[in-house]
Amino acid sequence: MIAALVGLASFTAVSPTASAAGTGSGYWSARGAQLVDAKGDPVRMTGINWFGSETANFTFHGLWSRNYRDMVAQMAGLGYNTIRIPYSNQMLDAGSAPTSIDLTKNPDLAGLSGIQIIDKVIAEAGTRGMRVILDRHRPDGAGQSPLWYTAAYPESRWIDDWKTLAARYKGNTTVVGADLHNEPHAVSGGGGACWGCGDQAVDWRLAAERAGNAILAVNPDWLIIVEGVDCVAGTGSPQCGWWGGNLSGARQFPVRLSKPGKLVYSAHEYATSVFAQPWFDDPAFPANLPALWDHWFGYLEKENIAPVLLGEFGTTLRDPRDGVWLRELMRYSGSGPSGMDFTYWSWNPNSGDTGGILNDDWTTVNTVKHGYLSPYLIPPSGGGTQEPRPGCTAAYRVENTWNGGFTASLRLTNTGTGAIANWTATWTVPSGVQVTGGWNATVAQQGSTVTATAPAWAPSLAAGANVTIGFQANGAASPAPSEFRLGTASCTAG
């Protein structure tokens, strides 16, 4: 992720009018500053970043807590229509095995490589009408690099890997673009990336042309997404902003692609809780922000030059100014399909600088944060009318035992995308066990099947919510029950 700077050297429903636009059909292109689908209809990315594949885990974070399909379904259900997937070149190495996956929750990921797991997420996103952009976030899992190459991962490897991915997903309209390199930036004391300086070794604009045209030669349907740098001299004050956030140099030195209609510029933008930039202390704040954004990237949209993707922006909301900044940025981005594209950082709650849309339990939603975004979200095609997808986790624990009996608790979490009205749960007990009573639900047993029905005082279980059912039984406390179900969903261990 982020986005350090270089200094100078309650859930809101998606609006029904937005859902009509969806994600369109076929591949996307640029018409001036507007993204359009294969039919020429306006489309807009209103997405989310789900990171982890760029780290030493070599796969999405959170798979230690939840099933990947459930998370993708939840994203779509909330109205996010695009997933930006960071990865590293190291992830593509043969010896880079994914780690920290709960295979009881994700059994179909056993033995897969990092890119094969990305295949799975892409396939799931496609079933939801979502789109995916791939973000080459780092050369290796260790951290950001100011340039697009390192000694271990030279430019040739960077381009070859992009060509391989372009070929891998050619014809798959879920994957619409390539974010070439995350946050090119200068280095304190001199060095790092520049824009328009003309030096082949450090001019990010020239490198983006080389990689972008190589990708288009393999897959002419992809969007080529080019981030800014941090500092650009000679374009006005302030000359430095966030890593990847300064596109002021693109006016004099635009990126030249073999297919100009595939170019998308991208900027990153963060709140003062990430770094105390001087403009947050300006007495004119927040009225000073639109002019700054115009200077760095907004002019490209306002002058109909090219689309701009706010590829990363995020906040912990710890500082009171953070909420003001986020409100103003969303207002600046505009509403409806003609607004500026964005992918919020991040879905993950474990982003140290920003936190995420998910809370630390990896299931419930930070409704305050999501509330800033939801009026601007355009759901994926069919979003808002999709049938809720069921999902469940079950955590069983014996609470007390005595000669001939025991008490136990069962916590069930609704990991599906919709609320369950008048919920019912079932499980199978071993031979010789007879339930004699229960609490927090009406509990009854027939044969080896125990059924718990919702109490009258809490008949509905919202998406992300849980309920703990207690019961008393005669018989042995071990082995544990099995085959837990919540409504129509078969539960995984949780």
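Note: the structure precedes this text.
Nothing here was measured: the structure is a model prediction, and the numbers come from that model.

Focus on unusual backbone geometry
Cis peptide bonds are those with omega within 30 degrees of zero, and the linkage from Phe285 to Pro286 qualifies with 5°. Counting through the fold element by element, Pro286 comes out in the loop between strand 8 (263-270) and helix 6 (289-302). Going from Ser478 to Pro479, the amide bond is cis rather than trans, its omega being 5°. Within the secondary structure layout, Pro479 lies in the loop between strand 19 (466-474) and strand 20 (482-486). Backbone geometry at Glu183 places phi at a positive 50°, although glycine is not the residue there. Secondary-structure assignment places Glu183 in the loop between strand 6 (175-179) and helix 5 (204-218).

Overview of helix 6
The first and last C-alpha atoms of helix 6 sit only 15 Å apart over 14 residues, clearly below the 20 Å expected at 1.5 Å per residue. Residue Trp296 marks the point of greatest curvature in helix 6, where the axis turns by about 75°. Across the 14 residues that make up helix 6, a large majority, 10, are buried. On the buried face of helix 6, the contacting elements are strand 8, strand 9 (308-314) and helix 7 (320-333). Two residues or fewer after helix 6 comes Asn304, characterised by a positive phi angle close to 60°.

Details of the sheet that holds strand 8
Strand order around the closed barrel formed by eight strands is 3-4-5-6-7-8-9-10, with parallel pairing between neighbours. Going from strand to strand, the sheet's axes swing by 30° on average, the running direction of each strand aside. Strand direction decides the pairing type here: strand 3 (residues 46-49) and strand 4 (residues 82-88), joined by two bridges, are parallel. Looking at the pairing, Asn49 lines up with Arg84 of strand 4. Against the sheet, helix 7 engages strand 8, strand 9 and strand 10 (341-344), with an angle of about 165° to strand 9.

Details of helix 3 (residues 114-127)
Two residues of an α-helix separated by three or four positions point the same way, owing to the 3.6 residues in each turn. Taking 1.5 Å of rise per residue, 14 residues should cover 20 Å, and helix 3 covers 20 Å from first to last C-alpha, within 8% of that figure. Among all positions of helix 3, only Gly114, Ile115, Ile117, Ile118, Val121, Ile122, Glu124 and Ala125 are buried. On its buried face, helix 3 sits against helix 2 (68-78), strand 4, strand 5 (131-138), helix 4 (155-168) and strand 6. Just past helix 3, the residue Gly129 takes up positive phi, approximately 80°.

Observations concerning the pattern of salt bridges
Inspection of the entire model under this criterion finds 22 salt bridges. Across the pair Lys105 and Asp102 runs a salt bridge, and its minimum N-O distance is 2.9 Å. You can call Lys105 buried: its relative accessible area is 8%. A salt bridge links Arg321 to Asp319; the nearest nitrogen and oxygen atoms lie 2.9 Å apart. Residue class for Arg321 comes out partly exposed when judged on its relative accessible area of 25%. One salt-bridge network, held together by shared partners, links Arg69, Asp108, Lys120, Glu124 and Arg128.

A look at the nonpolar core
Counting 96 residues, the largest nonpolar core has Trp50, Leu134, Leu180, Trp204 and Trp222 as its most contacted members. Dropping the residues within four chain positions of it, Leu134 is found in contact with Ile85, Tyr87, Ile118, Trp162, Leu165, Tyr169, Val175, Gly177, Ala178, Asp179 and Trp222. Counting 27 residues, the second largest nonpolar core, distinct from the first, contains Trp427, Val433, Val450 and Val467.

Re the packing of aromatic side chains
Per the stated rule, a full pass over the model turns up 23 aromatic pairs. Ring plane angle 85° and centroid distance 6.3 Å describe the contact between Phe297 and Tyr332, whose orientation is recorded as edge-to-face. One end of the pair, Phe297, is in helix 6; the other, Tyr332, is in helix 7, with 35 residues separating them in the sequence. Residue Phe297 is classed as buried on the basis of its relative accessible area, which comes to 0%. Through successive ring pairs, a cluster of aromatic residues spans Tyr396, Phe406, Trp427, Phe471 and Phe484.

Overview of the sheet that holds strand 16 (residues 442-446)
The five strands lie next to each other as 16-17-14-20-21, forming an open sheet whose pairing is antiparallel. The open sheet has two edge strands, strand 16 and strand 21 (489-490), and neither has a second partner. One ladder, built from three bridges, connects strand 14 (residues 424-428) with strand 20; its direction is antiparallel. Within strand 20, the residue paired with Thr428 across the bridge is Ser482.

Rules used in this analysis
Residues numbered from 1 in each chain as written. Predicted model: local features only at pLDDT ≥ 70, side-chain atom pairs only at ≥ 80, totals over all residues. Heavy atoms only, no water. Helix = DSSP H or I, 4+ residues; strand = E, 2+ residues; numbered from the N terminus. Expected span 1.5 Å × (residues − 1). Bend = angle between axes of the 7 residues up to and from the residue. Buried < 20%, exposed > 50% of the residue type's maximum accessible area, 1.4 Å probe, protein only. Contact = heavy atoms within 4.5 Å. Pairing = 2+ DSSP bridges. Axes fitted to C-alpha atoms, helices over the stretch in contact; angles between N-to-C directions. Salt bridge = Lys/Arg side-chain N within 4 Å of Asp/Glu carboxyl O. Core = buried A, V, L, I, M, F, W, Y, C linked by side-chain atoms within 4.5 Å. Phe/Tyr/Trp six-rings, centres within 6.5 Å; stacked < 30°, edge-to-face > 60°.

Any functional reading would require information that these geometric values do not contain.
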